[in-house]
Amino acid sequence: MLNQKVIVLTDKFSEHCDDYYQFIEPFLSHYGLCFEQQDVNEEFSSSFSLDCALLVIGHEGVSIKDQMLKDAIMKAVQAKTGIINFDKYNSYISIGHPVKDTSVNCLDSGILKVSRQYHYITSGHLGEEVTCNQYIVDCFQDDLSSYQKDEIDQVLLTINDYPVIVMGNYNKTKIVQWGNCKWLSTSAHGLMFLFDDLLWKSFVWVARKPFAMRCMENVATLRVDDCCGAYGYYEDEPFGWVEIANKAKFKPWIGFFYEQMKDESIQKLCQLINTDSATAQFHGMYLFGTVYKNDSEASISEVVKEWKAVHNFNANLSCYFIPHAYDLTEEVVNVLDDLEVKIIGIPYKLNCGGAAVKKTNEWLQQGPFRKYATGVDTLPWYGATDGESFYYCDSLSVGNENKELFNVLTEIRDICGYEWFNVKEKKEQYNDVEEAIRRGTEIFTKCYNGKILGNLFTHENSWRGMFISNIRPDNLEKILMGIRSNISRNNPTYVSLDKAVLQAKALHSTLFDSITYQVEKNELECRFSGNAEIKTKLQIFNEEDNQHIIESIIEVPAFQKEERVIYKLEKPVNVDSYHIYKEEYPIEVKYSEAYMNTGTEFFTTVDGEITAVRVYVENREAGMCTVQIWDCDTEEVLVSILNQGINAGEKGWRKFDLASPLSITKGKRYIVAASIESKELEKKYSYVSCPYGFYYPLECKYLKTVKGSGVCSNDQSMPVQGDNYSSYFRDVVFRPK
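All figures in this text were calculated on a predicted structure; none of them were measured in a lab. (Residues numbered from 1 in each chain as written. Predicted model: local features only at pLDDT ≥ 70, side-chain atom pairs only at ≥ 80, totals over all residues. Heavy atoms only, no water.)

Peer 1: Describe the overall build of the protein, and please don't skip the residues or the numbers.
Peer 2: When helices and strands are tallied, the protein shows ten helices and 39 strands. Taking 737 residues into account, the globule formula puts the C-alpha radius of gyration at 27 Å, and the protein, at 27 Å, falls close to it. Seen along its three principal axes, the alpha-carbon backbone of the protein occupies a region of about 80 × 75 × 60 Å. When the 737 residues of the protein are sorted by exposure, 62% land in the buried category. In the protein, the share of contacts with a sequence separation of at least 24, taken over all contacts with a separation of at least 6, comes to 75%. Carbon and sulfur atoms make up 44% of the accessible area of the protein, which amounts to about 29,800 Å² in all. (Helix = DSSP H or I, 4+ residues; strand = E, 2+ residues; numbered from the N terminus. Rg over C-alpha atoms; globule rule 2.2 N^0.38 Å. Buried < 20%, exposed > 50% of the residue type's maximum accessible area, 1.4 Å probe, protein only. Contact = heavy atoms within 4.5 Å. Areas by Shrake-Rupley, 256 points an atom, 1.4 Å probe, with all protein chains shown as cover.)

Peer 1: Just give me the short version of the sheet that holds strand 26 (residues 548–556), but keep the residues and values in it.
Peer 2: Taken in spatial order, the three strands make up an open sheet running 13-25-26, and their pairing is antiparallel. Edge positions in the sheet fall to strand 13 (211–213) and strand 26, since each of these pairs with one other strand and no more. Here the strands of the sheet are splayed against their neighbours by 25 degrees on average, with no regard to which way each runs. Running at roughly 155 degrees to strand 13, helix 4 (residues 196–206) makes contact with strand 13, strand 25 (536–544) and strand 26 of the sheet. (Pairing = 2+ DSSP bridges. Axes fitted to C-alpha atoms, helices over the stretch in contact; angles between N-to-C directions.)

Peer 1: Got a sec to walk through helix 7 (residues 300–310)? Specific residues and values, please.
Peer 2: If you check which residues of helix 7 are buried, you get Ile300, Ser301, Val303, Val304, Trp307 and Lys308. Within helix 7, the buried residues cover an arc of 165 degrees as seen down the axis, which keeps them to one side. Residues of helix 7 that are exposed and angled more than 90 degrees away from the buried face: Lys305, Glu306, Ala309 and Val310. Structurally, helix 7 contributes buried residues whose contacts are with strand 15 (253–257), helix 6 (263–274) and strand 16 (279–284). Asn312 occupies a position one or two residues after helix 7 and carries a positive phi of about 50 degrees. (Arc of directions from axis to C-beta.)

Peer 1: Explain the pairing of strand 24 (residues 523–532) residue by residue, including any values.
Peer 2: Examined bridge by bridge, strand 23 (residues 510–518) and strand 24 share eight bridges and lie antiparallel to one another. Bridge pairing in strand 24 places Tyr517 opposite Leu524. Between strand 23 and strand 24, which pair antiparallel and follow one another directly, the connecting turn spans four residues, one of which, Asn522, has a positive phi of 55 degrees. Pairing geometry for strand 24 and strand 27 (residues 559–568), over ten bridges, is antiparallel. Its bridge partner lying in strand 27, Glu525 is registered against Ile566.

Peer 1: Describe the environment of Leu156, with residues and values.
Peer 2: Along the polypeptide, Leu156 turns up in strand 10 (residues 154–159). Under the relative-accessibility criterion, Leu156 is labelled buried at 1%. On a C-alpha basis, the gap between Leu156 and Trp178 in space is 9.9 Å, while along the polypeptide they are 22 residues apart. Residues contacting Leu156, with those up to four places away along its chain left out, are Lys113, Val114, Ser115, His119, Ile121, Thr122, Ile165, Val166 and Met167.

Peer 1: With reference to specific residues and values, describe the side chain of Glu217.
Peer 2: One can find Glu217 in the loop between strand 13 and strand 14 (219–227). Not counting chain neighbours up to four residues away, the residues in contact with Glu217 comprise Thr493, Gln503 and Lys537.

Peer 1: Can you tell me about the packing of aromatic side chains, naming the residues and giving the values?
Peer 2: Taken as a whole and assessed by the stated rule, the structure comprises 45 aromatic pairs. Relative to Phe444, the ring of Phe250 lies with its centre 6.1 Å away and its plane at 20 degrees, an arrangement referred to as stacked. With Phe250 in the loop between helix 5 (240–247) and strand 15 and Phe444 in helix 8 (residues 433–449), this pair connects stretches of sequence that are 194 residues apart. No difference in accessibility class separates Phe250 from Phe444, as the two residues are buried. Centroid distance Phe288 to Phe321: 4.8 Å. Interplanar angle 80 degrees. Geometry classified as edge-to-face. Here Phe288, found in the loop between strand 16 and helix 7, pairs with Phe321, found in strand 17 (residues 320–321); they are 33 residues apart in sequence, far enough to count as distant. For Phe288, a relative accessible area of 2% gives the class buried. Judged by relative accessible area, which is 0%, Phe321 ranks as buried. Every member of this aromatic cluster is reached through a ring pair, and the members are Phe256, Tyr258, Phe282, Trp307 and Phe313. (Phe/Tyr/Trp six-rings, centres within 6.5 Å; stacked < 30°, edge-to-face > 60°.)

Peer 1: Go over the sheet that holds strand 1 (residues 2–3) with me, naming the residues and quoting the values.
Peer 2: The strand order 1-23-24-27 describes an open sheet built from four strands, whose pairing is antiparallel. Looking at which strands have only one partner, the edges of the open sheet turn out to be strand 1 and strand 27. Of the strand pairs in this sheet, strand 1 and strand 23 are connected by two bridges, and their pairing is antiparallel. If you follow Asn3 over to strand 23, its bridge partner there is Thr516.

Peer 1: Lay out the pattern of salt bridges with the relevant residues and their values.
Peer 2: Opposite charge on two side chains permits them to pair, given that their charged atoms come into close proximity. One pass over the full model with this rule turns up 38 salt bridges. Between Glu411 and Arg413 there is a salt bridge whose closest N-O contact spans 2.5 Å. We note that Glu411, like Arg413, is buried. Counted as one network, the salt bridges with shared partners bring together Glu434, Lys478, Glu588, Lys590 and Asp723. (Salt bridge = Lys/Arg side-chain N within 4 Å of Asp/Glu carboxyl O.)

Peer 1: Which residues make up the packing of helix 5 against helix 9 (residues 473–487), and what values do they have?
Peer 2: Look at helix 5 against helix 9: their axes get within 9 Å of each other, and the N-to-C directions meet at 30 degrees. Taken together, the axes of helix 5 and helix 9 are roughly parallel relative to one another. The two elements helix 5 and helix 9 cross, and the hand of that crossing is right-handed. Across from Trp241, Ile244, Ala245 and Lys247 in helix 5, the residues of helix 9 making contact are Pro473, Leu476, Glu477, Leu480, Met481 and Arg484. Partitioning the contact of helix 5 with helix 9 into residue classes produces seven nonpolar, no polar and three charged. (Parallel < 35°, antiparallel > 145°, perpendicular 65-115°, else oblique. Left-handed = near helix turned anticlockwise from the far one by under 90°. Nonpolar A, V, L, I, M, F, W, Y, C, P; charged D, E, K, R; others polar.)

Peer 1: Run through the pairing of strand 2 (residues 6–10), naming residues and quoting values.
Peer 2: Of all the five residues making up strand 2, five are buried; the element is thus mostly covered by neighbouring parts of the structure. With five bridges joining them, strand 2 and strand 3 (residues 35–39) adopt parallel strand pairing. Each residue of the ladder has a partner; that of Leu9, found in strand 3, is Gln38. Considered for its hand, the β-α-β crossover made up of strand 2, helix 1 (residues 17–30) and strand 3 is right-handed. (Right-handed = clockwise from strand over helix to strand, strands pointing away.)

Peer 1: Give a description of the side chain of Asn407 that names residues and reports values.
Peer 2: With respect to the helices and strands, the residue Asn407 is situated in strand 20 (residues 403–411). Reaching out from Asn407, the side chain makes a polar contact with the backbone nitrogen of Ile346 at a distance of 2.8 Å. A distance of 2.9 Å separates a polar atom in the side chain of Asn407 from a polar atom in the side chain of Gln366. (Polar contact = N/O pair within 3.5 Å; in protein donor to acceptor, adjacent residues only side chain to side chain.)

Peer 1: Pulling in residues and values, what's your account of a negative patch on the surface?
Peer 2: A cluster of like negative charges, contributed by Glu235, Asp236, Glu237 and Glu264, occupies part of the molecular surface. Its location among the elements puts Glu264 in helix 6. By relative accessible area, which is 54% here, Glu264 ends up exposed. (Patch = residues over 30% accessible without salt bridge, like charges linked within 9 Å, V, L, I, M, F, W, Y side chains within 5 Å. Lys, Arg positive; Asp, Glu negative; His and termini not counted. Charge placed at Lys NZ, Arg CZ, Asp CG, Glu CD.)

Peer 1: Report on the packing of helix 8 against helix 9, specifying residues and quantitative values.
Peer 2: Contact geometry of helix 8 with helix 9 gives a least axis separation of 9 Å together with a crossing angle of 35 degrees. Crossing of helix 8 over helix 9 shows right-handed handedness. Where helix 8 abuts helix 9, its residues Val433, Ala436, Ile437, Gly440, Thr441, Phe444 and Tyr448 lie against Asn475, Lys478, Ile479, Gly482, Ile483, Asn486 and Ile487. A breakdown of the residues in the contact of helix 8 with helix 9 according to their chemical character gives eight nonpolar, five polar and one charged.

Peer 1: Describe the state of the cysteines, and please don't skip the residues or the numbers.
Peer 2: What the rule picks out here adds up to zero disulfides. Cys632 supplies the cysteine sulfur nearest to Cys712, a cysteine that is in no disulfide, at a spacing of 14 Å. (Disulfide = S-S within 2.5 Å.)

Peer 1: Run through helix 2 (residues 67–78), naming residues and quoting values.
Peer 2: Here helix 2 contains twelve residues, and its C-alpha end-to-end distance of 16 Å stays within 8% of the 16 Å for a straight helix at 1.5 Å per residue. The elements touched by buried residues of helix 2 are strand 2, strand 4 (54–57), strand 5 (82–85), strand 11 (162–170) and strand 12 (173–178). The N-cap of helix 2, judged by a side-chain oxygen 2.7 Å from the amide nitrogen of Met68 a few residues on, is Asp66. At the exit of helix 2 stands Lys80, carrying a positive phi of roughly 70 degrees. (Expected span 1.5 Å × (residues − 1).)

So, in structure tokens, the structure goes:
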């Protein structure tokens, strides 16, 4: 039986020990790892063991001197325990013999570059570059190092060409070595900045398998504040945008202004709640805050009860409560039961006025990532895109009676400012379909990379003539369907925000106590403790061929006090062939008078052969299809299948078999392309697309793509560049050797 937990080595006498608590431990807890901390200064006996799946050197300056501890490390390594090392100068556990480069006096700026060479850890960012903020530059200012490259398998990330993350082998076990851990601080532009997945993927890659994380599953939720229902394009059809969202599987959370709602809107809202199409909660306007305060002589509780009675509000309110402008008084805490509230969402302290007062209101100091950090956020309506993204998921004590609330909130603020749309931009943005798809895709992807609650947030904002109520219905459907297509690579679950925040609370309120692996039975046994009101998910990672990570997800039922789960690991199903696209789909057909050839650039991680080409066609497309496979290095056509007939109404994937399989080489770049020519249409050529479908890579085990893999050409040359990172739904059937 193998113990598959994580053990973290720290050194309480090191000046860097606090770095572990500030920068590393919050992530270990957030990822839902079964872990324990071990100080290296304790006395160790000959029987001491580091039986674990993953050993983490938790900060700089961990002094490993005790021989018994050294022996235990060697035994763990021999048992294929992986290592994550945040102490690159450690004299006992380190690779590459890093040497400080003292020739660099000052860094004025920094460029983080991800290796172009494929690796699981960096697979979502191959070749990406980003300009660092000053905090990250300062983190590495006095710690730029050169390495002995022959001891390193791959440099994954650099700053100004100096290695930041490297990987290799330590006595034949996997090790990933980080330059330091300070740049994991929220000051490094905030959580969800860009490379969050590099951290948890590092854990997954090196750990002895099977390895498990009990973290937030990929959920897709939609939050809409300041709602009244009957405004903009939906004045005669209250909350018509909700039904459009439902078509794309979204189930909106509606924060409504009770004072401004007409009876028709109220009854429609009740209908949506009772048919499980949306959830809704009082949002204000003048009711819950110190600025947006209750202006009635009646108490808040009396105002709510009277309004519900007068308007025959016959639906359950959401268990999730967000006050307008995050302006919340302690008085409201006593009436949350009347509002059916279990969880709140605020980023500021109570009684401070929230975002309604001043730019310098300090943020709420709370976990998982702001326990130790202090600072202020830009005011939402400034429209700034340099604000820090944040995620709250922690208990919050309020009042003299020390009543405890639970606080959950996601905001990605560095893409378009406060939310999905930018209040300072022109109104044309609300019907800029492609840009709205890009922002929504990026917001969700940052959430998934950070393993936080996935949420797309905007306003109805009726009286200002902006936001979702002013998006044309046909455009809104395109936007949401495009986002849904683009994030399908992450296999999200579409749930109400109510269920998502309850899951977040269940994860926070429980512990992952132990995990063992019965090799003979191929079974994992996991034990949990605490109180989980609803079921959660456990991610299990295994490995094939020492390079391909296989992920499976199992449910952990709701429980009180304790729960034991035994999971029989399934043997991988033998699959003969693979293709790039899975659940993705196009949202539009485009036409061109000129020749148009659209394609997908790809590569594989093993040698193999292509047996067929797949082309997605829409109902309106008809004519003759020509498919090609190109060699990107030589720009030669390797395969060309001419004049394949496509009939109108044949929506979906069409497969064209090759006359004989085409052998391809791992790591080499190829393009699969197709053109469809109609003899009847004025604009002869047609093709399908989804904007920003390749803003992030698609991959399916051996088949890989990179950002911008959608390519096109309007002449007979090889397609080389796409439009707005679009996906054109050209695919191959690949059979590995």
